[in-house]
Amino acid sequence: MELIQHTADLSAYLAAGEAIDHDHPVVREVAARLAEGVADSYAYARSAYEFVRDTIPHSQDSGDPRVTWRASDVLRLRTGICHAKAHALAALLRAEDIPAALCYQRLARDDGAGHALHGLVAVRFRGAWHRQDPRGNRPGVDAQFSLAGERLAYVPDQKSNEMDYPVLYAEPHPVVLSALQAAPDRAALSAALPSEL
C-alpha cells in the first residue's frame, strides 16, 4: 500500500498542536529522558515507540475508564486507547524533530458489533514513511518497531470489510478527535468511536 501525505508540507508533521502537544513540559521531559544515551534518531524512535507501547497500558486492556486524547495527558496519566497512544508517540517523535503522522485502520470490533477505527503512527526515515502500532501487546498481538516491513498489531481482513486507510494526517482526524473529546468515559467512547473515516 502506498502511503499518502494529507499535507504536502513535511513541516506539518513536525508541528505541535492541541492533541500532539510536544511543546508541553511533560512531553519534553519524557523525550529528554528517552534521548539520553541513544546513539541516533532511529534508536530514539525505537525507544519512544517501546516506551509508549509497553509502559502506557491500553485502557481497554487495563479496564481504566478514563479517556485521554492530548499527548501530555496520556504521558502524565499513563492511560489511553490506541488513538491517544498514537498521539503520545507522535508527540515524542516530533519533540526530537522526527516527522510523525497519524493513520488509521478500519477493524472489526472485539465485541462483534460492527467496526471501529484503530489509530497508528507513521514515522519518516530514509525518505519514506513506516507505519508503527503502539497500542500495546497482549496475547495474539505482537507489534514491533520496524522499518524493514510492517509489524503491526492487526492486519486487516478484507473479507470482514476491514481496511487500511493510506492517508497520513498531520493532526488527528476530526471525527476521531471529536469522539475522544466528547466522551465522559471509555464505555461512552467505545459507543461513540466512528466505524470509518
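Residues numbered from 1 in each chain as written. Predicted model: local features only at pLDDT ≥ 70, side-chain atom pairs only at ≥ 80, totals over all residues. Heavy atoms only, no water.

1. Quick notes on the sheet that holds strand 5 (residues 163–164)
Part 1: Pairing is antiparallel in the open sheet, where four strands are placed in the order 4-3-2-5. At either end of the open sheet lies a strand with only one pairing partner, and these are strand 4 (128–132) and strand 5.
Part 2: Both strand 2 (residues 100–108) and strand 3 (residues 115–125) contribute to a ladder of nine bridges, which runs antiparallel. Bridging across to strand 3, A100 finds its partner in V123. (Pairing = 2+ DSSP bridges. Helix = DSSP H or I, 4+ residues; strand = E, 2+ residues; numbered from the N terminus.)

2. Points about the nonpolar core
Part 1: Core analysis: the biggest nonpolar cluster contains 49 residues, and F51, L75, L92 and L93 have the highest contact counts within it.
Part 2: Secondary structure elements with two or more residues in this core: helix 1 (25–35), helix 2 (41–55), helix 4 (71–77), helix 5 (82–95), strand 2, strand 3 and helix 6 (174–182).
Part 3: If sequence neighbours within four positions are ignored, L92 has contacts with V27, V30, A31, L34, Y44, A48, F51, V52 and L75.
Part 4: In terms of nonpolar packing, the next biggest core, distinct from the first, is built from 11 residues, L3, Y13, W129 and L168 among them. (Core = buried A, V, L, I, M, F, W, Y, C linked by side-chain atoms within 4.5 Å. Buried < 20%, exposed > 50% of the residue type's maximum accessible area, 1.4 Å probe, protein only. Contact = heavy atoms within 4.5 Å.)

3. Thoughts on the environment of D185
Part 1: Note that D185 resides in the loop between helix 6 and helix 7 (186–192).
Part 2: On the basis of relative accessible area, D185 is assigned to the partly exposed category, the value being 30%.
Part 3: A sequence separation of 120 residues divides D185 from P65, and the C-alpha atoms of the two residues are 5.4 Å apart.
Part 4: Filtering out sequence-adjacent residues up to four positions away, D185 remains in contact with P65 and V67.
Part 5: Polar contacts involving the side chain of D185 include one to the main-chain amide nitrogen of A188, which spans 2.8 Å. (Polar contact = N/O pair within 3.5 Å; in protein donor to acceptor, adjacent residues only side chain to side chain.)

4. A look at unusual backbone geometry
Trans peptide bonds make up most of the peptide bonds, and negative phi angles are found at most residues other than glycine.
Part 1: Its identity as a non-glycine residue notwithstanding, R78 has a phi of 55°, on the positive side.
Part 2: Note that R78 resides in the loop between helix 4 and helix 5.
Part 3: Positive phi, normally seen in glycine, also occurs at R126, with a value near 55°.
Part 4: Among the residues examined, R126 registers a relative accessible area of 73% and is labelled exposed.

5. Some remarks on the packing of helix 1 against helix 5
Part 1: Closest axis-to-axis distance for the helix 1/helix 5 pair is 9 Å, and the angle between their directions is 65°. The orientation of helix 1 with respect to helix 5, classified from their angle, is roughly perpendicular. Between helix 1 and helix 5 the crossing geometry is right-handed. Across the interface between the two elements, V27, R28, V30, A31 and L34 from helix 1 touch A91, L92 and A95 from helix 5.
Part 2: Residues belonging to the contact of helix 1 with helix 5 are distributed by class as follows: seven nonpolar, no polar and one charged. (Axes fitted to C-alpha atoms, helices over the stretch in contact; angles between N-to-C directions. Parallel < 35°, antiparallel > 145°, perpendicular 65-115°, else oblique. Left-handed = near helix turned anticlockwise from the far one by under 90°. Nonpolar A, V, L, I, M, F, W, Y, C, P; charged D, E, K, R; others polar.)

6. Structural notes on the side chain of H87
Part 1: Here H87 lies in helix 5.
Part 2: For H87, the contacting residues outside a window of four places in its chain are A19, I20, W69, A71, L102, P172 and L180.

7. A word on the layout of surface pockets
Part 1: For the largest pocket, the calculated volume is near 500 Å³.
Part 2: Residue lining of the largest pocket: 21 residues in total, with H58, Q60, R109, D110 and A116 positioned closest to the centre.
Part 3: Secondary-structure elements contributing two or more residues to the lining of the largest pocket are strand 2, strand 3 and helix 7.
Part 4: Classifying every residue of the lining of the largest pocket by side-chain character gives 10 nonpolar, four polar and seven charged. (1 Å grid on protein atoms, 1.4 Å probe; cavity = no way out; pocket = protein on both sides within 12 Å on 5 of 7 lines; lining within 4 Å. Points joined across faces, edges and corners; volume = space filled by probe spheres on them.)

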